[in-house]
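Each chain, letter by letter, is given below.
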Amino acid sequence: MNIVETATRPWPDQRPGTSGLRKKVQVFQQPNYLENFVQSIFDSLDDHQGKTLVVGGDGRFYNRHATGIILRMAAANGFGKVLVGQGGLLSTPAVSCVIRKHKTFGGIILSASHNPAGEDGDFGIKYNVGNGGPAPESVTDSIYANSRRIERYRIVELDAPDLDRIGETMLGSMQVEIIDPVSDYTELMQHLFDFDRIRSMLNSGLFTLRFDAMHAITGPYAREILEHRLGAGADDLINATPLEDFGGGHPDPNLVYAKQLVDIMFAADGPSFGAASDGDGDRNMILGRRCFVTPSDSLAILAANAHLVPGYRQGLAGIARSMPTSQAADRVAERLGIELYETPTGWKFFGNLLDAGKATLCGEESFGTGSDHVREKDGLWAVLFWLNLLAIHKEPVADIVTGHWRSYGRNYYSRHDYEGVNADGAGELMEILRKQSGNLKGKRFGDYEIDFSDDFAYTDPIDDSVSERQGIRIGFTDGSRMVFRLSGTGTEGATLRVYLERYEPDPAKQSADAQDALSDLIRIAGEVAAIRHHTGREAPTVIT
Ligand code: G16
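Given the structure is predicted, the values throughout are model-derived calculations rather than measurements. (Residues numbered from 1 in each chain as written. Predicted model: local features only at pLDDT ≥ 70, side-chain atom pairs only at ≥ 80, totals over all residues. Heavy atoms only, no water.)

A. Summary view of the pattern of salt bridges. Scanning the entire structure with this criterion turns up 36 salt bridges. A salt bridge links glutamate 177 to lysine 81; the nearest nitrogen and oxygen atoms lie 2.9 Å apart. Taken together, the positions of glutamate 177 in strand β9 (residues 174-179) and lysine 81 in strand β4 (residues 81-89) put the pair 96 residues apart, joining distant regions of the chain. Between glutamate 342 and arginine 473 there is a salt bridge, with the nearest N and O atoms lying 3.2 Å from each other. Taken together, the positions of glutamate 342 in strand β16 (residues 339-343) and arginine 473 in strand β24 (residues 472-476) put the pair 131 residues apart, joining distant regions of the chain. Look at glutamate 342 and you get partly exposed, because its relative accessible area is 23%. By relative accessible area, arginine 473 is classed as buried at 14%. Beyond isolated ion pairs, a larger network of salt bridges with shared partners links Arg321, Asp330, Glu342, Asp454, Arg473, Arg481 and Glu501. (Salt bridge = Lys/Arg side-chain N within 4 Å of Asp/Glu carboxyl O. Helix = DSSP H or I, 4+ residues; strand = E, 2+ residues; numbered from the N terminus. Buried < 20%, exposed > 50% of the residue type's maximum accessible area, 1.4 Å probe, protein only.)

B. Layout of the environment of glutamate 187. Tracing the backbone shows glutamate 187 in helix α6 (residues 183-192). With 38 residues separating them along the chain, glutamate 187 and isoleucine 225 place their C-alpha atoms 9.6 Å apart.

C. Quick look at the nonpolar core. In this structure, Phe193, Phe273, Trp381 and Trp386 are the most contacted members of the largest nonpolar core, which totals 73 residues. In terms of residue count, the dominant contributor to this core is helix α13 (residues 379-393) (11 residues). In this structure tryptophan 381 touches Tyr185, Met189, Leu192, Phe193, Leu302, Tyr312, Leu361, Thr369, Gly370, Ser371 and His373, once residues within four positions along its chain are discounted. Listed in part, the 42 residues of the second largest apolar core include Ala75, Ala76, Ile125 and Ile143. (Core = buried A, V, L, I, M, F, W, Y, C linked by side-chain atoms within 4.5 Å. Contact = heavy atoms within 4.5 Å.)

Set out below in structure tokens:
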């Protein structure tokens with residue numbers, strides 16, 4: 001086998017963020033940029049010789065090209081076999097599923113998630129370990145360290161195999177198996193949910209559905225599962241063909257970017273249930289007719305009802321949520337008498353809890369929900385979970401949500417994003433808040449009095465690793481909260497995220513618009529952090 005060692009020099013900017021390395025396509029197209037990062041991943045692994053790797057991505061521009069390079073480098077770096085999704089496609093949760101089912105050494109996912117795609121868009125790459133989940137910080141730190149001292153990368157001088165032909169071929173002495181990207185994942189979903197019950201609901205004529213794949217990876221999964229296995233109509237799926245530029249859209253399933261679906265769902269004669277997933281299929285947005293379910297409420301509702309669904313009938317071991325996610329799930333955990341874990345933002349922080357059997361369901365405010373079935377958040381899984389609950393309860397989505405609030409109280413919640421702001425200004429805002437955070441207790445703003453304020457730090461209960469500087473939390477004496485942090489997934493400037501939350505136990509006061517209910521806190525956040533001064537912005541770019 002003709003292995004070539006190519007000399008290279010480090011790039012300075014290959015530190016993985018919240019979820020792998022995300023950059024503009026043009027950055028990845030620079031000579032040796034992708035190769036350096038892939039070699040840095042391989043150099044950070046122990047004992048991978050002869051083992052199996054999974055490779056797949058969300059189908060965005062550069063996915064195919066990068067897949068070919070990764071295969072040639074995997075062969076040169078001693079992997080025994082690579083499982084590749086047909087066409088280079090695999091959703092993020094499907095990669096996790098394939099790693100776990102086939103007990104592979106790890107996997108590489110090509111995706112910049114919900115970030116726009118195309119020649120001028122973003123590309124990304126991340127490494128998942130043998131439990132199927134994102135590499136922990138120890139591994140991403142080592143990848144970065146390797147990227148800073150890399151001098152050569154290894155590649156075979158052979159053509160990469162045809163990615164479209166299912167079956168096995170050899171690349172040098174490494175086996176390449178092109179697999180159907182959908183089948184292992186579909187089998188897992190069938191095991192977790194009551195497909196017969198969902199199918200009867202969809203066939204009853206009383207229930208209508210709309211799923212928006214946003215021209216990204218979930219299209220083929222939704223066709224197979226929702227249409228072929230569960231009997232949804234072909235027209236119930238929109239934007240279901242993956243395109244290299246995601247149709248020019250921004251496949252982030254939220255009220256702003258999934259506007260087409262939101263308009264359909266908020267029409268007077270809208271479908272009973274609507275959902276969307278993102279670029280790589282790990283996020284979800286849940287809607288009912290004229291009803292938006294916040295991701296935080298969705299996690300709480302799934303947790304409260306999980307015992308009704310086949311895969312979770314035995315009950316939940318615990319619930320985990322990221323720190324900025326609302327505390328709605330905490331109330332469910334309390335009533336169920338199970339543990340609630342509060343982790344930093346990033347799915348990787350759930351991995352140890354899931355592996356140790358301490359948490360069964362996990363969720364994040366950033367439209368991510370999942371469970372111990374894989375080690376990634378999972379968009380279609382959340383959709384199927386909701387469909388299963390709807391088939392049991394036979395109630396509109398809005399009634400399930402308000403019923404939950406009546407029983408547990410409502411956590412009014414909203415996130416305000418200031419995208420693409422000047423990085424220096426945003427950094428300064430955070431530094432000033434950080435310095436102040438010890439001295440805010442007792443400070444009053446109208447009816448609100450600050451009870452505590454800190455920079456969130458997390459000690460992993462399994463391996464005792466410590467993650468610091470994870471966001472400034474300001475808590476008020478009435479239980480309200482605001483959190484400030486900078487996104488770790490953007491590719492331009494900085495994105496300031498402000499998370500706002502207020503608890504309302506009185507059912508008579510639970511039907512206000514979230515922005516109205518949070519208006520005092522929104523104003524206080526602007527004042528405490530001098531947002532306008534530091535960002536130069538009058539208003540957030542995205543409100544969810
Ligand atoms: C990634 C991570 C999530 C995180 C989200 C937002 O999601 O996997 O855990 O919550 O980014 O992170 P940030 O607030 O730092 O931008 P995805 O769907 O982009 O992979």
